Amino acid sequence: MNTPPILKDFPHSFETERLIIRAPLPGDGSEICEAMMETLDILQLWMPWAQQNPTEEAVEASVRKAHCEFLERTDFRFHLYEKDTKIFVGSSGLHQVNWQIPKFEIGYWCRKSFMGKGYITESVRGLTVFAFQVFHANRIEIRCEERNMKSRKVAERLNYQLEGVLRDASMDMQGNLTNKCIYSMIADDFRKLSLRKSD
C-alpha cells in the first residue's frame with residue numbers, strides 16, 4: 001500500500017553551496033514583506049500574487065498557510081537564505097504536486113538586491129536534486145511566459161528541455177494574451193546528467 005502523502009517524512013531544509021533552503025515558518029512574514037517591497041516593480045511584471053502592495057499581516061498569513069501546506073504535503077514553498085549573512089534572498093518551491101506520478105512544478109523569485117548573483121539558478125538546481133532524490137520525482141516542470149527571458153535562462157542553464165510554447169495560453173499582468181513556455185526534466189534526464197557529472 002502506498003504511504004499517504006501526509007505521512008511522508010523528509011527534511012524540511014537543506015543547503016547548497018551558498019544557501020540555506022528551508023520550509024516557511026511562522027514569523028517569516030516581516031522579512032519577506034520587506035524583500036517584496038524592495039522588488040515589487042519587477043514582481044508585478046510577472047506574478048499575479050504581487051499586484052497589490054503587500055502588508056506584513058497579509059504576507060505573514062501567506063507564510064502560515066504555506067507552512068500548513070508543507071506539513072500536509074500538498075505544496076512546498078521554500079525560503080532561501082544566504083548562509084553567511086542569514087539574509088532572505090528569495091523564494092522557490094515545488095508546486096502543482098501530483099504524488100501519483102510524482103510530478104512537481106518549480107517556481108522562483110529573487111529579491112532585487114541579490115539579483116544577478118546566480119542564487120536562483122543555485123536554488124533551482126538544489127530543488128531539482130531534492131525532488132528527484134528525496135521525493136523520487138519522475139517529472140519536474142518550469143513554466144513561464146515566453147517573454148520572461150530571465151526565467152527561461154534559469155531552466156536552460158540547468159538542462160531543462162523546452163517541450164513547447166503554448167500560444168495564447170494565459171493572460172499577462174496587463175490583461176493581454178501571452179504565450180507560455182513549458183520546460184521539463186524527467187527522471188531519466190536527471191540520471192544521465194548525474195552520471196555525466198560523475199565522469
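In the block above lies the structure referred to throughout.
In this report, we go over the structure that sits alongside the text. Source: prediction; values computed, not measured.

1. Overview of the nonpolar core
One finds Phe76, Phe78, Leu94, Ile106 and Tyr160 to be the most contacted residues of the largest nonpolar core, which totals 39 residues. Considering each element in turn, this core owes the most residues, seven residues, to helix α3 (residues 119-133). Setting aside anything within four residues of it in sequence, one finds Phe76 in contact with Phe10, Phe70, Ser92, Gly93, Leu94, His95, Val97, Trp99, Phe104 and Phe135. If you look at the next biggest cluster of nonpolar residues, it comprises 13 residues, including Ile32, Cys33, Val63 and Trp109.

2. Considering the packing of aromatic side chains
The tally for this structure, following the rule as stated, stands at 20 aromatic pairs. With centroids separated by 5.7 Å and ring planes inclined at 65°, the aromatic side chains of Phe10 and Phe76 adopt a geometry described as edge-to-face. Pair noted here: Phe10 is in the segment before β1 (13-15) and Phe76 is in strand β3 (residues 76-82), with a separation of 66 residues, a long-range link. When its relative accessible area of 0% is taken as the criterion, Phe76 is described as buried. Judged by centre distance (6.1 Å) and plane angle (90°), the rings of Phe76 and Trp99 are edge-to-face. Note that Phe76 is positioned in strand β3 and Trp99 in the loop between β4 (88-98) and β5 (103-110), a separation of 23 residues in sequence. Among the aromatic side chains, those forming a connected cluster through ring pairs are Phe10, Phe14, Phe70, Phe76, Phe78, Trp99, Phe104, Phe130 and Phe135. For the cation-ring pair, Lys8 lies above Trp99, with the distance from its terminal atom to the ring centre recorded as 5.0 Å. The ring of Phe10 is capped by Arg73, whose NZ or CZ atom sits 4.1 Å from the centre of that ring.

3. Structural notes on the environment of Leu177
Within the fold, Leu177 resides in strand β8 (residues 177-186). Take Leu177: its relative accessible area is 54%, and that puts it in the exposed class. For the pair formed by Leu177 and Gln100, sequence separation is 77 residues and the distance between their alpha carbons is 32 Å. Excluding residues within four positions of it along the chain, Leu177 makes contact with Asp168, Ser170 and Met171.

4. Looking at unusual backbone geometry
The peptide bond linking Ile101 to Pro102 adopts the cis configuration, its omega dihedral lying at -20°. Take Pro102: it is sitting in the loop between β4 and β5. Non-glycine residue His136 carries a positive phi angle of around 55°. Mapped onto the fold, His136 is located in the loop between α3 and β6 (139-145). Residue His136 is classed as exposed on the basis of its relative accessible area of 56%. A positive phi angle, close to 70°, is found at Asn159, a residue other than glycine. Relative to the helices and strands, Asn159 is located in the loop between α4 (149-157) and β7 (161-171). By relative accessible area, Asn159 is classed as partly exposed at 36%.

Analysis parameters
- Residues numbered from 1 in each chain as written.
- Predicted model: local features only at pLDDT ≥ 70, side-chain atom pairs only at ≥ 80, totals over all residues.
- Heavy atoms only, no water.
- Core = buried A, V, L, I, M, F, W, Y, C linked by side-chain atoms within 4.5 Å.
- Buried < 20%, exposed > 50% of the residue type's maximum accessible area, 1.4 Å probe, protein only.
- Helix = DSSP H or I, 4+ residues; strand = E, 2+ residues; numbered from the N terminus.
- Contact = heavy atoms within 4.5 Å.
- Phe/Tyr/Trp six-rings, centres within 6.5 Å; stacked < 30°, edge-to-face > 60°.
- Lys NZ or Arg CZ within 6 Å of the ring centre and 35° of its normal.

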